[in-house]
Amino acid sequence: QVQVVESGGGLVQPGGSLSLSCAASGSIFRIYDMGWYRQGPGEQRDLVASVAKDGMTVYTDSVKGRFTISRDNAKNTVFLQMNSLKPEDTAVYYCKAQIERRIGSMVGDYWGQGTQVTVSS
C-alpha cells in the first residue's frame, strides 16, 4: 500500500505566498519524479512543476520565477513554494509521485487527494 498526502493550501490575497507539502509513505523501494499538477474548474489537470530524483526541475512557463519546487529524498517529500500568487493560480493542486514499490517492479503514478489553493482579495 502506498499513500500520497498533501498539506498546505488555503486562501491568500493576490501577491501573497503559500507553501505546499506532499509526503509519500508505505511500501516504497524508490521514487523517481515527483511533481505538482493543478486543475481549475472545468479545466484539465496540468503540470505545474516537477523534480527528478537528481534534483532536475521543470516548470510550466506561467509559474517560472514565482514558484519553487524542491524535494527531500530521505523523507520522500516534495514541496512547492508559491510566491507572487495571482488569481489565475486558483485551482486544486495535486501531488504525483512515480514509485517503484519493489525492486524490478513496474513504476506507477500515485496521486494525492488534492488541496485547494484560492487567490482572491
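Summary of the structure given here. (Residues numbered from 1 in each chain as written. Predicted model: local features only at pLDDT ≥ 70, side-chain atom pairs only at ≥ 80, totals over all residues. Heavy atoms only, no water.)

Quick look at the overall build of the chain now. Across its full length, the chain carries 0 helices and 11 strands. For the chain, the succession of helices and strands along the chain, N to C, is β-β-β-β-β-β-β-β-β-β-β. In summary, the chain has a C-alpha radius of gyration of 14 Å against a globular reference of 14 Å for 121 residues, a match within 12%. Here the C-alpha coordinates of the chain stretch approximately 50 × 25 × 20 Å along the principal axes. (Helix = DSSP H or I, 4+ residues; strand = E, 2+ residues; numbered from the N terminus. Rg over C-alpha atoms; globule rule 2.2 N^0.38 Å.)

A separate point is the sheet that holds strand β3 (residues 18-26). Here we have 4 strands laid out as an open sheet, ordered β1-β3-β8-β7, and antiparallel in their pairing. Of all the strands in the sheet, just β1 (2-8) and β7 (67-72) have a single pairing partner and so form its edges. Within this sheet the neighbouring strands show an average axis-to-axis angle of 15°, counted without direction. Of the strand pairs in this sheet, β1 and β3 are connected by 7 bridges, and their pairing is antiparallel. Bridged to G8 within β3 is L20. (Pairing = 2+ DSSP bridges. Axes fitted to C-alpha atoms, helices over the stretch in contact; angles between N-to-C directions.)

Bringing the nonpolar core into the picture now. Core analysis: the largest hydrophobic core is formed by 27 residues, its most contacted members being W36, V48, F67, V78, L80, M82 and Y93. Where this core is concerned, the elements lending two or more residues are β1, β3, β4 (30-39), β5 (46-51), β7, β8 (77-82), β9 (91-100) and β11 (115-119). Those residues in contact with V78, other than ones at most four positions away along the chain, are L20, S21, C22, M34, W36, V51, I69, S70, R71 and C95. (Core = buried A, V, L, I, M, F, W, Y, C linked by side-chain atoms within 4.5 Å. Buried < 20%, exposed > 50% of the residue type's maximum accessible area, 1.4 Å probe, protein only. Contact = heavy atoms within 4.5 Å.)

Under the definition given, this model contains 1 disulfide. Paired through a disulfide, C22 and C95 show a sulfur-sulfur distance of 2.1 Å. Residues C22 and C95 are joined by a disulfide whose S-S torsion is about -80°; by sign, that bridge is left-handed. Separated by 73 residues along the polypeptide, C22 in strand β3 and C95 in strand β9 bring together distant segments of the chain. The two residues C22 and C95 agree in class, both being buried. (Disulfide = S-S within 2.5 Å.)

Let's shift gears to the side chain of T77. On the secondary structure map, T77 appears in strand β8. Residue T77 is classed as buried on the basis of its relative accessible area, which comes to 11%. Looking at T77, its side chain comes within polar contact range of the main-chain oxygen of K75, at 2.8 Å. Not counting the four nearest positions on each side in its chain, T77 is found in contact with C22, A23, M34, S70, R71 and D72. (Polar contact = N/O pair within 3.5 Å; in protein donor to acceptor, adjacent residues only side chain to side chain.)

Let's shift gears to the pairing of β11. Here β11 shows a buried face lined by T115, V117 and V119 and an unburied face lined by Q116 and T118. Summarising the sheet, β9 and β11 pair through 3 bridges and their orientation is antiparallel. Within β11, the position partnered with V92 by the bridge is Q116.

Two strands pair when backbone bridges link them, and β3 and β8 are joined in this way by 6 bridges, in the antiparallel orientation. Opposite A23, over in β8, you have T77 as the bridge partner.

What is shown is where atoms sit, not what they do.
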